[in-house]
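# Observations on the three-dimensional arrangement
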2 protein chains.
Amino acid sequence: MFFILQMAISNIRYGEGVTKEIGMDLQNLGAKRVCLMTDRNLSQLPPVDAVLNSLTKSGINFQMYDNVWVEPTDQSFLDAIEFAKKGEFDAYVAVGGGSVIDTCKAANLYASSPSSDFLDYVNAPIGKGKAVTVPLKPLIAVPTTAGTGSETTGVAIFDFKELKVKTGIASRAIKPTLGIIDPLHTLSMPERIVANSGFDVLCHALESYTALPYKMRSPCPSNPINRPAYQGSNPISDVWALHALRIVAKYLKRAIRNPEDREARANMHLASAFAGIGFGNAGVHLCHGMSYPISGLVKTYKPKDYNVDHSLVPHGLSVVLTSPAVFAFTAQVHPERHLEAAEILGADIRTARIKDAGLILADTLRKFLFDLNVDDGLAAIGYSKADIPALVKGTLPQERVTKLSPRPQTEEDLSALFEASMKLY
Amino acid sequence: MFFILQMAISNIRYGEGVTKEIGMDLQNLGAKRVCLMTDRNLSQLPPVDAVLNSLTKSGINFQMYDNVWVEPTDQSFLDAIEFAKKGEFDAYVAVGGGSVIDTCKAANLYASSPSSDFLDYVNAPIGKGKAVTVPLKPLIAVPTTAGTGSETTGVAIFDFKELKVKTGIASRAIKPTLGIIDPLHTLSMPERIVANSGFDVLCHALESYTALPYKMRSPCPSNPINRPAYQGSNPISDVWALHALRIVAKYLKRAIRNPEDREARANMHLASAFAGIGFGNAGVHLCHGMSYPISGLVKTYKPKDYNVDHSLVPHGLSVVLTSPAVFAFTAQVHPERHLEAAEILGADIRTARIKDAGLILADTLRKFLFDLNVDDGLAAIGYSKADIPALVKGTLPQERVTKLSPRPQTEEDLSALFEASMKLY
Ligand SMILES: NC(=O)c1ccc[n+]([C@@H]2O[C@H](COP(=O)([O-])OP(=O)(O)OC[C@H]3O[C@@H](n4cnc5c(N)ncnc54)[C@H](O)[C@@H]3O)[C@@H](O)[C@H]2O)c1
Ligand SMILES: NC(=O)c1ccc[n+]([C@@H]2O[C@H](COP(=O)([O-])OP(=O)(O)OC[C@H]3O[C@@H](n4cnc5c(N)ncnc54)[C@H](O)[C@@H]3O)[C@@H](O)[C@H]2O)c1
Ligand SMILES: [Fe+2]
Ligand SMILES: [Fe+2]
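Conventions used here
Residues numbered from 1 in each chain as written. Chains lettered and ligands numbered in written order. Predicted model: local features only at pLDDT ≥ 70, side-chain atom pairs only at ≥ 80, totals over all residues. Heavy atoms only, no water. UniProt positions renumbered as here; feature names shortened; annotations may be inferred. Donors = N, O, S within 2.8 Å, 3.2 Å for Na, K, Ca; no water. Tetrahedral: all angles 85-135°; square planar, octahedral: opposite > 155°, others 65-115°. Helix = DSSP H or I, 4+ residues; strand = E, 2+ residues; numbered from the N terminus. Buried < 20%, exposed > 50% of the residue type's maximum accessible area, 1.4 Å probe, protein only. Core = buried A, V, L, I, M, F, W, Y, C linked by side-chain atoms within 4.5 Å. Contact = heavy atoms within 4.5 Å. Near = heavy atom within 4 Å. Polar contact = N/O pair within 3.5 Å; in protein donor to acceptor, adjacent residues only side chain to side chain. Nonpolar A, V, L, I, M, F, W, Y, C, P; charged D, E, K, R; others polar. Domains from an automatic or database assignment. Buried area = accessible area lost by both parts, 1.4 Å probe. Phe/Tyr/Trp six-rings, centres within 6.5 Å; stacked < 30°, edge-to-face > 60°. Axes fitted to C-alpha atoms, helices over the stretch in contact; angles between N-to-C directions. Parallel < 35°, antiparallel > 145°, perpendicular 65-115°, else oblique. Left-handed = near helix turned anticlockwise from the far one by under 90°. Pairing = 2+ DSSP bridges. Right-handed = clockwise from strand over helix to strand, strands pointing away. Salt bridge = Lys/Arg side-chain N within 4 Å of Asp/Glu carboxyl O. pLDDT = per-residue confidence, 0-100. Disulfide = S-S within 2.5 Å. Arc of directions from axis to C-beta.

Per an unreviewed UniProt entry, chain A carries the name Hydroxyacid-oxoacid transhydrogenase, mitochondrial and comes from Meleagris gallopavo. Quoted verbatim from the Subcellular location (unreviewed entry) field of UniProt, the annotation for chain A is "Mitochondrion". You can read under Sequence similarities (unreviewed entry) in the UniProt record for chain A the words "Belongs to the iron-containing alcohol dehydrogenase family. Hydroxyacid-oxoacid transhydrogenase subfamily."

Once that is clear, we can look at the coordination of the iron ion (ligand 4). For a metal with four tetrahedral donors the ideal donor-metal-donor angle is 109.5 degrees, whereas six octahedral donors ideally subtend 90 or 180 degrees. Residue and element names in this part refer to chain B. The protein atoms donating to the iron ion (ligand 4) are D200 (OD), H204 (NE2), H288 (NE2) and H315 (NE2), with metal-donor distances spanning 2.1 to 2.2 Å. Around the iron ion (ligand 4), the four donor atoms sit at angles spanning 83 to 168°, and that spread fits a shape best called irregular. Positions of the donor residues of the iron ion (ligand 4) along the chain correspond to the pattern D-x3-H-x83-H-x26-H. Highlighted residues: D200 and H204, both in helix α5 (residues 191-210), separated by four residues, approximately one helical turn. Each member of the pair, D200 together with H204, is buried.

Glancing now at the nonpolar core. A:F199, A:L202, A:I381, B:F199, B:L202 and B:I381 are the most contacted members of the largest nonpolar core, which has 164 residues in total. Beyond its immediate chain neighbours, meaning those up to four positions away, A:F199 contacts A:L252, A:G316, A:V319, A:V320, A:F368, A:L369, A:L372 and A:V374.

So, about the site of ligand 2. Residues and elements named next belong to chain B. Surveying the vicinity of ligand 2 reveals 30 residues, the closest of which are G98, S99, T144, T145 and T153. For ligand 2, a nitrogen atom lies 2.9 Å from a polar atom in the side chain of S188. For ligand 2, an oxygen atom lies 3.4 Å from a polar atom in the side chain of H315. Where the shell around ligand 2 is concerned, the elements lending two or more residues are α4 (98-111), β7 (155-160) and α5. Residue contributions to the shell around ligand 2 peak at four residues, all from α4. Residue composition of the shell around ligand 2, grouped by class: 11 nonpolar, 13 polar and six charged. In this structure, the shell around ligand 2 is formed jointly by two domains, domain 1 (11-185) and domain 2 (189-420), each of which donates at least three residues.

Here we take up the domain arrangement of chain A. All names here are of chain A. Domain assignment breaks chain A into domain 1 (11-185) and domain 2 (189-420). Spacing between the C-alpha centres of domain 1 and domain 2 amounts to 24 Å. Each partner contributes to the interface: domain 1 provides 32 residues, whereas domain 2 provides 38 residues. Summed over both sides, the interface between domain 1 and domain 2 buries roughly 3,000 Å², with carbon and sulfur atoms accounting for 61% of that surface. The largest share of the area that domain 1 buries against domain 2 comes from A146, K166 and R172, three residues that together contribute 19% of it.

Glancing now at the UniProt feature "domain: Fe-containing alcohol dehydrogenase-like C-terminal" (unreviewed entry) in chain A. Within the UniProt annotation, "domain: Fe-containing alcohol dehydrogenase-like C-terminal" (unreviewed entry) is assigned to residues 232-422 of chain A. Within residues 232-422 of chain A, the helical portion is 61% and the strand portion 0%, while the C-alpha atoms at the span's ends are 29 Å from each other.

Each pair of aromatic rings is reported with the distance of its centres and the angle of its planes. Residues and elements named next belong to chain B. Per the stated rule, a full pass over the model turns up 23 aromatic pairs over all chains. With 5.1 Å between their ring centres and 45° between their planes, F77 and F158 make a pair best called tilted. Remark: F158 occurs in strand β7 and F77 occurs in helix α3 (residues 74-87); sequence separation between them is 81 residues. The same class applies to F77 as to F158, namely buried.

A few words on the packing of helix α6 (residues 235-257) of chain B against helix α7 (residues 262-282) of chain B. Two numbers describe a pair of packed helices, the interaxial angle and the distance between the axes. All names here are of chain B. One way to put it is that α6 packs onto α7 with a least axis distance of 8 Å and a crossing angle of 150°. Here α6 lies roughly antiparallel to α7, going by the angle between them. Note on packing geometry: the crossing formed by α6 with α7 is left-handed. Together, S237, W240, H243, A244, I247, V248, Y251, L252, R254, A255 and I256 of α6 and E263, A264, R265, N267, M268, A271, F274, A275, I277, G278 and A282 of α7 make up the contact between the two elements. Broken down by class, the residue content of the contact of α6 with α7 amounts to 15 nonpolar, four polar and three charged.

Let us now look at the pairing of strand β5 (residues 91-96) of chain B. Residues and elements named next belong to chain B. Within β5, six of the six residues are buried, leaving the element largely enclosed by the surrounding structure. Of the two faces of β5, the one holding A91, V93 and V95 and the one holding Y92, A94 and G96 are both buried throughout. As paired strands, strand β3 (residues 34-37) and β5 are joined by four bridges and run parallel to one another. Looking at the pairing, L36 lines up with V93 of β5. Traced from β5 through α4 to strand β6 (residues 139-143), the parallel crossover comes out right-handed.

As a further point, take the pattern of salt bridges. The tally for this structure, following the rule as stated, stands at 50 salt bridges over all chains. The closest approach of N and O atoms between B:R254 and B:E263, which form a salt bridge, is 3.4 Å. Residue classification places B:R254 among the partly exposed residues on the basis of a relative accessible area of 33%. Here B:E263 falls in the partly exposed class, since its relative accessible area comes to 43%. Across the salt bridge formed by B:K299 and B:D387, the nearest N and O atoms sit 2.7 Å from each other. Pair noted here: B:K299 is in the loop between α8 (286-296) and α9 (315-320) and B:D387 is in the loop between α12 (357-371) and α13 (388-395), with a separation of 88 residues, a long-range link. According to the relative accessible area criterion, B:D387 is buried, its value standing at 15%. Several salt bridges converge on common partners, so that one network encompasses A:E191, A:R192, A:K304 and A:D305.

A few words now on the confidence of the model for chain A. All names here are of chain A. Predicted confidence across chain A gives a mean pLDDT of 93, with 98% of residues reaching 70 or more. Confidence over residues 1-5 falls short of pLDDT 50; this stretch has 29 contacts with residues more than four positions distant or in other chains. The ipTM for the predicted assembly is 0.83, set against a pTM of 0.90.

Here the focus is the state of the cysteines. All names here are of chain A. Taken as a whole and judged by the stated rule, the model has zero disulfides over all chains. As a non-bridged cysteine, C35 has C104 as the owner of its nearest cysteine sulfur, 5.6 Å distant. By relative accessible area, which is 0% here, C35 ends up buried.

Glancing now at the pairing of strand β4 (residues 62-65) of chain B. Residue and element names in this part refer to chain B. Examined bridge by bridge, β3 and β4 share four bridges and lie parallel to one another. Paired with C35 across the bridge in β4 is Q63. After leaving β3, the chain enters helix α2 (residues 46-57) and then returns to the sheet as β4, a path that is right-handed.

On to the coordination of the iron ion (ligand 3). All names here are of chain A. Distances from the iron ion (ligand 3) to its protein donors, D200 (OD), H204 (NE2), H288 (NE2) and H315 (NE2), fall at 2.1 to 2.2 Å. Here the iron ion (ligand 3) is ringed by four donor atoms whose angles at the metal span 82 to 168°, and the overall shape comes out irregular. Linear spacing of the donor residues for the iron ion (ligand 3) on their chain is D-x3-H-x83-H-x26-H. Residue H204 is located in helix α5 (residues 191-210), and its partner H288 is located in helix α8 (residues 286-296); the two are separated by 84 residues in the primary sequence. Take H204: its relative accessible area is 2%, and that puts it in the buried class. Residue classification places H288 among the buried positions, given a relative accessible area of 2%.

It is worth spelling out the site of ligand 1 at this point. Residue and element names in this part refer to chain A. Close to ligand 1 lie 30 residues, the nearest being G98, S99, T144, T145 and T153. Contact distances for ligand 1 include 2.7 Å between a nitrogen atom and a side-chain N or O atom of T144. Backbone polar atom of M189 to a nitrogen atom of ligand 1: 3.5 Å apart, as the coordinates give it. The set of elements that each furnish at least two residues to the shell around ligand 1 consists of α4 (98-111), β7 (155-160) and α5.

With that settled, the discussion passes to α13(B). All names here are of chain B. All of the buried residues in α13 are I388, L391, V392, G394 and T395. Looking straight down α13, one finds its buried side chains confined to an arc of 160°; they lie on one side. Of the exposed residues in α13, those oriented more than 90 degrees away from the buried face are P389 and K393. Where α13 is buried, its residues meet β8 (165-170), α8, α14 (399-402) and α15 (411-420).

Here you go:
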């Protein structure tokens, strides 16, 4: 048989204060018209200041778009795309969390491919999932959360309002040219944003480590250009995932609890890139697949610390709430990996039986979330049993990720997983 | 202070038989005139066959150059460059060990920059060390040794005959577009080529893990474009280096002793890329710096299993012979890392004292080499005390790497290191 693993790993630069080089980077790229994207909240905060200072110092000509929608939608993507098309930019800079970086990737893509229909590049089956063959402009991503790892991935996620479901665009072509990881930017994050974006790192690491092994993925594409970005777990992504998980275990609580703990925040910032490189090549599975309807069907939930007017379920929260149920379900397949993850997260496994691996990891996660004051399950963010059919329906089109679950799942299984996630403690 | 780490990690594809995709890759790149480079020995062996089959099947128009010199020289580079310039190629494929891949990188570089002088891009102080700003053609590297990791690095090494010293070209720009790591190609390697190229992996891992930390490197370049490829040890390269070292510890002996042990050979093939990503970003130090004159001043040594007419000291052998002396010398600085490496390589460190870290790692390496029938030191490959001044003189221009040694070294220190490496057992 013929098994293949393809890795495309991004360029990253890491260091406190490193943002001040961005003006020179743009000069080195010969950029004459730069598009700077961010969101309204960040446009008032130090990370954007630092970028503006550097651009000004280097005399870079730029236009700023600060209309990025937190947890972006098709509408908000289109608005940014419109701006990008009009601006005829030759380089992009995204300063923000996943919402900003993803929006900027989409803006770059569609402005570089002006005759394309929006659905052309959206993941199948919702869109056409066309391969990107047009050349894009350079994009420098400056992450301000320690979460998505979007600065390292070829993924851009949005909420398809009409269908009430999150989906995305996935192509190596939209991966940023450079990620500038400057841990100073994490210092302005309020507590819940640190927590929720940190849970995203946790789930990226856990899901990519437990994903279907790359040798079991099918079908095998006949031309390498059609190989998906998400390859299944593999010996390279495993290294990144485990390393990120160890950092989460050591530093996430500290980073949440103490905004002054620069060591913890810096380590989480790097871990989010590590986990991004891991899952960007291996993929994620059920926590992410199920999170998209959890976010997409949001009712009136307004999370603490998010300086926005609309209701939303933050991405990291939407993935982590199902994690105890998910890993209890998947552990059947690679129990030893589940047990190893539990141990890294602090469980005492000396007398553990391998057949209890799923329960042990689930308990470890529950305790971890409880200690961090996380809402008590889907019920606490506004869902009830009556919503389960809609949540399941919203998960079905997420086949691109759910098929990477090590254990195949029926609609009944999904129902049971949502039900088990209604209450955690 | 302002410390920066910049990573540029290559694209790799890994799998048994994956070479059969190369024709499609070239089609996808739109290549119309491909330059295929290899050496005379390999041109008769299965790896080149596999590439030729794929090119033919995809109807790729190519010219083959099989004149690569094993342990290349300035003359042999120039010959390949000449071929590349004449061919006006739009893509390159290198099938071989480091000698072939490095030659192909140089051919691509100078054919893309036809008005440059050969010395322009050669590392200073020997050459001018100019930054590469011309665009290169895509280069796909298909490594056939489990050694250099050249498929992942921006380095091309050659022997400058006139000066009797090895030096190279180092630029992110010459990094291959894609590395195709097909472990089937390692099956034709004879025993000593497995051993020597494996020692290169071992030293890449050990040296990059113990290199000067990136925060201590100076000077800090004022423009990011001038940041060296070799950054010093750092939290990202550490992950790759340790992982590669663990694989070497587990599989190198098996890979050397049993040509049928596909698991061991495949793991070593991937480890060579891991270690390449590690050292390609962190750098190597004294074993490599001192190896260049050891190779460059070769007298009459003809290694077993190398199907070539000229004398040569294989690169991996030239680095590993000084490794016991080098790590005994450097351990003063990060003794805990040296002890950790010794433990990974099998030493029992339960009762070890931290101040003995260097001796323990040196002894562990000596035992490792003895078990693998490695020549007993520099004396066994033709050097005597009288050669030491010339060996030291040849090391001095290797400042690009020697300055990454965690412990600074005088000429006397270098003399002592060569002397201590004359006999190992
Ligand atoms: N592309 C990918 O690979 C990927 C992966 C996972 C998630 N995502 C997507 O990313 C989005 C979530 O991104 P996120 O978790 O990074 O958060 P976010 O970008 O949605 O930002 C959340 C809130 O935090 C604020 N914020 C961000 N950085 C701040 C800082 N340093 N100081 C103060 N406030 C700050 C923002 O202004 C915003 O209000 C979701 O749409 C999710 O689906 C993408
Ligand atoms: N660019 C880098 O990052 C880097 C790093 C380390 C070393 N190097 C350089 O690479 C060169 C050494 O490369 P190497 O150790 O890979 O060996 P090599 O390319 O010099 O090859 C050594 C011998 O092995 C034969 N061979 C290779 N693959 C074979 C196979 N599969 N089956 C049978 N025979 C095979 C070759 O024909 C040759 O005779 C040196 O010049 C060294 O300085 C480069
Ligand atoms: Fe995520
Ligand atoms: Fe080497």
